[in-house]
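Take a look at the letters that make up each chain.
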Amino acid sequence: MSELVAEVSTIGEVVKLDRGFPLVQADGRLYRCKHATALVKGENQRAVIGDKVTVVSAEGQDIAQIREILPRRTQLVRRDPAERTVSQVMAANFDIVAIAQPIVDLNLPRLERELVLAYETGAEIAIVLTKADLAESAQTVDELYQTVSGMAGSVPVFLVAPDDTEGVEAFRSYVGDRTAVLVGKSGVGKSSLVNLLVGSEVQATTPVREVDGKGRHTTVSREIVDLPGAGRVVDMPGVRGLGLWDARRGIAAAFSDVEEIAQECRFRDCAHKDEPGCAVREAVSQGVLANARLDAYLHLLDEYESNLKRREVAARKRERRGHPRRRNGGSLD
């Protein structure tokens, strides 16, 4: 008769997700988990980088099963790119969302969208402008920095480059003993930034092209990297799609200038299109507010409201069919 193997239960943290498979650090050990899902209130929920989880393993073994995902303090959420009526959590339990954009290839519309998603988390936000060393001139860097700072409002903006230890140290000091999750599309220099912060080559990178200063996507896993002294950063693969989810609060925060002007509109439900007494349109005509800024605000607001209607329709259909609501499903890109 075979002996029963004792099970051990412990609480740990998901410190790496490699192609969907979690590595959990608990009690000084690293447990490999075959699955990222756990049953939460009768529904399957997927563990993400930074999650605090309860894992169960056979005594003395490093193979474990996630039994429970503990409540999240913060989470970065987007609309699932594979199914528009489902949300996807990309990271959890961080203190800072650090948005990385290369100063040599700024994408301001994407930055506005990234700010909306970052504000939704409730965490602190920072913008990190990478590859400053590849800019045409110091004047170009200064002009682009001022443009981003004007858009960012109270959000701090950092300039970093391999030959600028002051900029790197400023951002490292800002992170302090907290956890920052790096957000940005492929090739913006997130892994290079991690290496600069750590002071050694801990993340694989590829050389940039001399023609346009762009690099190839390198990171394929999500990983928490410890910084010297204190603090941690979460290096994630480049994210292509950033569909909005519960983003009304994030839009209001990212476009606080537009919302403040809108308080002066004649009608409280003004859509800022062709209504009489629209203070927002008046601000555009007077050059106080850029038309591109208003267009971005209206576009993101329309996207959010359209998706909200789709979700309501999908929820009614599921209720009629008696199907439970999906959570955190879908692809990772």
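Below, the structure is looked at part by part. (Residues numbered from 1 in each chain as written. Predicted model: local features only at pLDDT ≥ 70, side-chain atom pairs only at ≥ 80, totals over all residues. Heavy atoms only, no water.)

As for the overall build of the chain
Consideration 1: Broken down by element type, the chain carries eight helices and 15 strands.
Consideration 2: The proportion of buried residues among the 333 residues of the chain is 48%.
Consideration 3: Considering only residue pairs separated by 6 or more positions, the chain has 65% of its internal contacts joining residues 24 or more positions apart.
Consideration 4: When the accessible surface of the chain is split by element, carbon and sulfur atoms take 48% of a total near 17300 Å². (Helix = DSSP H or I, 4+ residues; strand = E, 2+ residues; numbered from the N terminus. Buried < 20%, exposed > 50% of the residue type's maximum accessible area, 1.4 Å probe, protein only. Contact = heavy atoms within 4.5 Å. Areas by Shrake-Rupley, 256 points an atom, 1.4 Å probe, with all protein chains shown as cover.)

Some points on the packing of aromatic side chains
The relative placement of two aromatic rings is captured by the distance of their centres and the angle of their planes.
Consideration 1: This structure, assessed with the given rule, holds four aromatic pairs.
Consideration 2: Feature note: the residues Phe158, Phe171 and Tyr174 constitute an aromatic cluster, connected by ring pairs.
Consideration 3: One residue, Arg178, lies across the ring of Tyr174, its end atom 5.2 Å from the ring centre.
Consideration 4: A cation over an aromatic ring shows up here: Arg311 above the ring of Trp245, its NZ or CZ 3.7 Å from the ring centre. (Phe/Tyr/Trp six-rings, centres within 6.5 Å; stacked < 30°, edge-to-face > 60°. Lys NZ or Arg CZ within 6 Å of the ring centre and 35° of its normal.)

What to know about the side chain of Glu112
Consideration 1: The residue Glu112 is located in helix H1 (residues 108-121) in this model.
Consideration 2: Residue class for Glu112 comes out buried when judged on its relative accessible area of 8%.
Consideration 3: Leaving out residues up to four positions away in the same chain, Glu112 has contacts with Met151, Ala254, Phe255, Arg293 and Ala296.

Things to note about the nonpolar core
Consideration 1: In terms of nonpolar packing, the biggest core is built from 69 residues, with Leu115, Ile127, Ile251, Phe255 and Val280 touching the most fellow members.
Consideration 2: It is helix H8 (residues 291-321) that provides the largest number of residues to this core, a total of seven residues.
Consideration 3: Leaving out residues up to four positions away in the same chain, Phe255 has contacts with Glu112, Val116, Arg293, Ala296, Tyr297 and Leu300.
Consideration 4: Of all hydrophobic cores here, the second largest spans 19 residues; its members include Ile96, Phe158, Val168 and Val194. (Core = buried A, V, L, I, M, F, W, Y, C linked by side-chain atoms within 4.5 Å.)

A few points about the pairing of strand S2 (residues 21-26)
Look at any regular strand and the pattern is simple: side chains alternate between the two faces of the sheet.
Consideration 1: Residues of S2 alternate between two faces, with Pro22, Val24 and Ala26 buried on one and Phe21, Leu23 and Gln25 left unburied on the opposite face.
Consideration 2: Relative to S2, strand S1 (residues 7-18) is paired through five bridges, and the arrangement is antiparallel. Its bridge partner lying in S2, Glu13 is registered against Gln25.
Consideration 3: Linkage of S1 to S2, two consecutive antiparallel strands, is achieved through a turn of two residues, within which Arg19 is found at a positive phi near 55°.
Consideration 4: Here S2 pairs with strand S3 (residues 29-33) via four bridges, running antiparallel. (Pairing = 2+ DSSP bridges.)

A short note on the packing of helix H3 (residues 165-175) against helix H4 (residues 190-198)
Packed helix pairs are specified by the crossing angle of their axes together with the interaxial distance, meaning the distance between the axes.
Consideration 1: One can describe the packing of H3 onto H4 by two numbers: an axis separation of 10 Å at closest approach and a directional angle of 85°. The orientation of H3 relative to H4 falls into the category roughly perpendicular. Every residue of H4 that contacts H3 at Val168, Phe171 and Arg172 is listed here: Leu193, Leu196 and Leu197.
Consideration 2: Of the residues belonging to the contact of H3 with H4, the class tally is five nonpolar, no polar and one charged. (Axes fitted to C-alpha atoms, helices over the stretch in contact; angles between N-to-C directions. Parallel < 35°, antiparallel > 145°, perpendicular 65-115°, else oblique. Nonpolar A, V, L, I, M, F, W, Y, C, P; charged D, E, K, R; others polar.)

So, the pattern of salt bridges
Consideration 1: In the structure shown here, the tally under the stated rule is 15 salt bridges.
Consideration 2: Arg72 is the partner of Asp51 in a salt bridge, and the nearest nitrogen-oxygen pair spans 2.8 Å. Taken as a pair, Asp51 in the loop between strand S5 (43-46) and strand S6 (52-58) and Arg72 in the loop between strand S7 (63-69) and strand S8 (75-79) lie far apart in primary sequence, 21 residues in all.
Consideration 3: On the accessibility criterion, Asp51 (0% relative accessible area) is buried. (Salt bridge = Lys/Arg side-chain N within 4 Å of Asp/Glu carboxyl O.)

A closer look at a positive patch on the surface
Consideration 1: Taken together, the side chains of Arg316, Lys317, Arg320 and Arg321 make up a positively charged region of the molecular surface.
Consideration 2: Tracing the backbone through its elements, the reader meets Arg316 in helix H8. (Patch = residues over 30% accessible without salt bridge, like charges linked within 9 Å, V, L, I, M, F, W, Y side chains within 5 Å. Lys, Arg positive; Asp, Glu negative; His and termini not counted. Charge placed at Lys NZ, Arg CZ, Asp CG, Glu CD.)

Considering the side chain of Thr130
Consideration 1: Take Thr130: it is sitting in strand S11 (residues 124-130).
Consideration 2: Classification of Thr130 by relative accessible area gives buried; the value is 3%.
Consideration 3: Apart from residues no more than four positions distant in its own chain, Thr130 is found in contact with Ala100, Gln101, Pro102, Ile103, Val160, Val188 and Gly189.

Focus: unusual backbone geometry
Consideration 1: We note that Asn93 has phi near 60°; this positive angle belongs to a residue other than glycine.
Consideration 2: In this structure, Asn93 sits in the loop between strand S9 (87-92) and strand S10 (96-102).
Consideration 3: Here Asn93 falls in the buried class, since its relative accessible area comes to 6%.
Consideration 4: Residues other than glycine seldom take positive phi values, yet His272 does so here, at roughly 60°.
Consideration 5: Locating His272 in the fold gives a position in the loop between helix H6 (256-262) and helix H7 (279-285).

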